[in-house]
Amino acid sequence: MLKSKSYFKYLKIFIIAFICLCTIFMIPLKAFAESNPDDEMKNFVKNIFLSKSKSVLTQDLDSIESLYDTDTKYGQWAYEYEERKVKYINNWAKKQGIKFTDITPDIVFRKAKVSDKACSFYVLCNTEYTYVYEDQPHIVNSSRIGTYHSINLTKKDNEWIITKEWYTDPFADSLKLEDIKMDKIKEYINAQPPRDLSGINDRRKNAVSYADQYCGSATAKEYGYKYNKAYRDFNPEGGDCANFASQILHEGGKFKKNAIWNYAKGSATGPWVNADKFTHYMIGSGRGYVLARGSYEQVYKASYKLLPGDFIAYERKGDITHISMVTGADSKGYSLVTCHNTDRNNVPWDLGWSNKNMKFWLVRMNY
């Protein structure tokens, strides 16, 4: 009996000592976990996007330039593109008579490779742009744009710096807003009242709901930044904009497929997946008709006639290369669009497409 008590006494002492040692050593183990190099670099990349977004608002090009290794060809090119984008966004805001109040990126890491001297990342960036009209500072408008970025970082002089960045950006086809009559356009836009779109029919409303849910990297976070997996993604084959517009009209708007306009088992007809053929089919079949066609200055007034569920086709050098679906209007009644490649969700219809050589087809759909 005495032997048994002694045994349990020593066992108890051992257990207490073991718990104490575990408690003591948990602190450095936790600290080590928190200093995981992958996590540190991911936070660094997130801060890069936050810094770039802030610099767009302040037009602080020096801060953006400091992020890039401009001594290298690819680093210089990446910075020069960011520089042009900052100027374009602020020129567009001037034309529109708006002020961007916040630009908020949400970063999702798809791939990451981290080492002591070089890192590479492939990330999804869902960016929310909020803006107000100058005479309506209390009414906040919101749009989302989704992009995929391939970024290379190198340690130089003990500091991480971007040596290469590539992404398909929605502002790449614009940057020439100084060629249009800004003051006249701004005056017209700011004189417009809000539009009440609540009376549109259920088919149009359902088309908008489908577009909001499946606009990929531009969706609200709860939708998971995904396309509808029931459909093939045609981005690797030249673009998915017409495919997505067709889905919106069929799944949401309940337009019926037929032998000409069709998708089945991963294959699509030309009018379903090609922007040019899509536009001409919708007009030629009587499912839609043209409200206006021409340059931005020729059609921007007519754009206020667009309703959710209509679409805009973007023509360059005689070829229609892009389709966006109308999904709403902002506080001045300015039409907003949703599309794939690059993914947009309720974005002002000309943002990123303001090149003077672009022609726009504003098409009313017959629901």
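Cut-off values and rules
- Residue indices follow the written sequence of each chain, beginning from 1 at its first position.
- The model is predicted, so local features are restricted to residues of pLDDT at least 70 and side-chain atom pairs to those at 80 or more, both for listing and for counting; the totals for chains, interfaces and linings are taken over all residues.
- The side-chain values count all of the structure's non-hydrogen atoms but skip hydrogen atoms and water molecules.
- By definition, any uninterrupted DSSP run of H or I lasting at least four residues is a helix, any uninterrupted run of E lasting at least two residues is a strand, and each is numbered from the N terminus.
- When a residue's accessible area, from a 1.4 Å probe over protein chains only, is under 20% of the maximum for its type it is buried; when over 50% it is exposed; and in between it is partly exposed.
- Contact between two residues is taken to exist if any of their heavy atoms lie within 4.5 Å; hydrogens are not considered.
- Only the protein chains shown count as cover for residues, with accessible areas throughout obtained via the Shrake-Rupley method and a probe of 1.4 Å.
- Any Phe, Tyr or Trp ring, taking Trp's six-membered ring, that has another such ring centre within 6.5 Å forms a pair; planes under 30 degrees apart are called stacked, those over 60 apart edge-to-face, and the others tilted.
- Each reported salt bridge corresponds to a side-chain nitrogen of Lys or Arg within 4 Å of a carboxyl oxygen of Asp or Glu.
- In this analysis, strands are considered paired if DSSP registers two or more bridges between them.
- As used in this record, nonpolar core signifies buried Ala, Val, Leu, Ile, Met, Phe, Trp, Tyr and Cys residues forming a set joined through side-chain atoms within 4.5 Å.
- Scored from 0 to 100, pLDDT reflects the predictor's confidence in each residue.
- A fitted line through C-alpha atoms serves as each axis, taken over the contacting stretch for helices, and the angle formed by two N-to-C directions is quoted from 0 to 180°.
- Any angle between 65 and 115 degrees counts as roughly perpendicular, while under 35 counts as roughly parallel, over 145 as roughly antiparallel, and the rest as oblique.
- By the definition used in this description, the sense in which the near helix is turned from the far one sets the handedness, with an anticlockwise turn below a right angle giving left-handed and a clockwise turn giving right-handed.
- Residues were grouped as follows: Ala, Val, Leu, Ile, Met, Phe, Trp, Tyr, Cys and Pro as nonpolar; Asp, Glu, Lys and Arg as charged; and all remaining residues, including Gly, as polar.
- Throughout this description, a polar contact denotes any pair of N or O atoms lying within 3.5 Å of each other; where both atoms belong to protein, one of them has to be capable of donating a hydrogen while the other can accept it, and for residues adjacent in sequence the pair is counted only when both atoms sit in side chains.

An unreviewed UniProt entry lists the chain under the name Amidase domain-containing protein, from Clostridium sardiniense.

Draft legend 1. Examining the overall build of the chain more closely. The helix and strand inventory of the chain stands at 10 helices and 12 strands. Counting every position in the chain, which comprises 367 residues, the buried fraction comes to 47%. Within the chain, residue pairs in contact and separated by at least 24 positions form 65% of the contacts whose partners lie at least 6 positions apart. As displayed, the chain has an accessible area near 18800 Å², and 54% of this comes from carbon and sulfur atoms.

Draft legend 2. The packing of aromatic side chains, seen in detail. Under the defined criterion, the tally for this structure stands at 28 aromatic pairs. Their ring planes at 85° and their centres at 5.6 Å tell us that Tyr74 and Trp77 sit as a pair that is edge-to-face. Residue Tyr74 and its partner Trp77 are both found in helix α4 (residues 73-96); the two are separated by 3 residues, about one turn of the helix. The partly exposed category is assigned to Tyr74, whose relative accessible area is 41%. Relative to Tyr214, the ring of Tyr210 has its centre 4.7 Å away and its plane inclined at 45°; by these criteria the two rings are tilted. Among the residues examined, Tyr210 registers a relative accessible area of 9% and is labelled buried.

Draft legend 3. Here's a closer look at the pattern of salt bridges. Summed over all chains, the structure comprises 13 salt bridges. Between Glu82 and Lys52 there is a salt bridge, with the nearest N and O atoms lying 3.7 Å from each other. One end of the pair, Glu82, is in helix α4; the other, Lys52, is in helix α2 (residues 37-58), with 30 residues separating them in the sequence. Each member of the pair Glu82 and Lys52 is classed as buried. Here the residues in one salt-bridge network are Lys52, Glu82, Lys85 and Glu165, joined through shared partners.

Draft legend 4. Spatial organisation of the pairing of strand β4 (residues 159-167). Where strand β3 (residues 136-156) meets β4, 8 bridges bridge the pair, whose relative direction is antiparallel. Within β4, the position partnered with Lys155 by the bridge is Trp160. A loop of 2 residues connects β3 with β4, the two strands running antiparallel in sequence, and Asp157 in this loop sits at a positive phi of about 55°.

Draft legend 5. Up close: the nonpolar core. Ranked by size, the top nonpolar core spans 55 residues in total, and within it Leu153, Ile312, Trp349 and Phe360 carry the most contacts. Counting 29 residues, the second largest nonpolar core, distinct from the first, contains Ala207, Tyr231, Trp272 and Ile323.

Draft legend 6. Structural context of the confidence of the model for the chain. Within the chain, residue pLDDT values average 89, and 87% of them lie at 70 or more. Segment residues 1-5: pLDDT under 50, and 0 contacts once partners within four positions in sequence are set aside and those in other chains are kept.

Draft legend 7. A look at the packing of α2 against α4. At a minimum axis separation of 9 Å, α2 and α4 run at an interaxial angle of 45°. Of the possible angle classes, the one that applies to α2 and α4 is oblique. With respect to the hand of their crossing, α2 and α4 are arranged in right-handed fashion. On α4, the residues that touch Lys52, Ser55 and Val56 of α2 are Glu82, Val86, Ile89 and Asn90. Looking at the contact of α2 with α4 residue by residue, the class counts come to 3 nonpolar, 2 polar and 2 charged.

Draft legend 8. Geometry of the side chain of Thr219. Summarising the element assignment, Thr219 is placed in the loop between α6 (202-213) and α7 (241-252). With near-sequence residues (within four places) excluded, Thr219 lies in contact with Asn126, Arg144, Asp212, Gln213, Tyr214, Gly224, Tyr225, Lys226 and Asn345.

Draft legend 9. Region of interest: the environment of Cys215. Looking at the secondary structure, you find Cys215 in the loop between α6 and α7. Spatially, the C-alpha atom of Cys215 lies 10.0 Å from that of Cys241, the residues being 26 residues apart in sequence. When residues no more than four places from it in sequence are discounted, the contact partners of Cys215 are Lys226, Tyr227, Phe244, Thr338, Cys339, His340, Asp343, Arg344 and Asn345.

Draft legend 10. Geometry of the environment of Ser331. Residue position: Ser331 is located in the loop between β9 (319-329) and β10 (335-339). On the basis of relative accessibility, which here comes to 11%, the residue Ser331 falls in the buried class. For the pair Ser331 and Arg195, spaced 136 residues apart in sequence, the C-alpha to C-alpha distance is 7.7 Å. Every residue in contact with Ser331, bar those within four places of it in the chain, is listed here: Tyr133, Gln136, Ile139, Asn141, Pro193 and Pro194. A distance of 3.1 Å separates the side chain of Ser331 from the side chain of Gln136, its partner in a polar contact.

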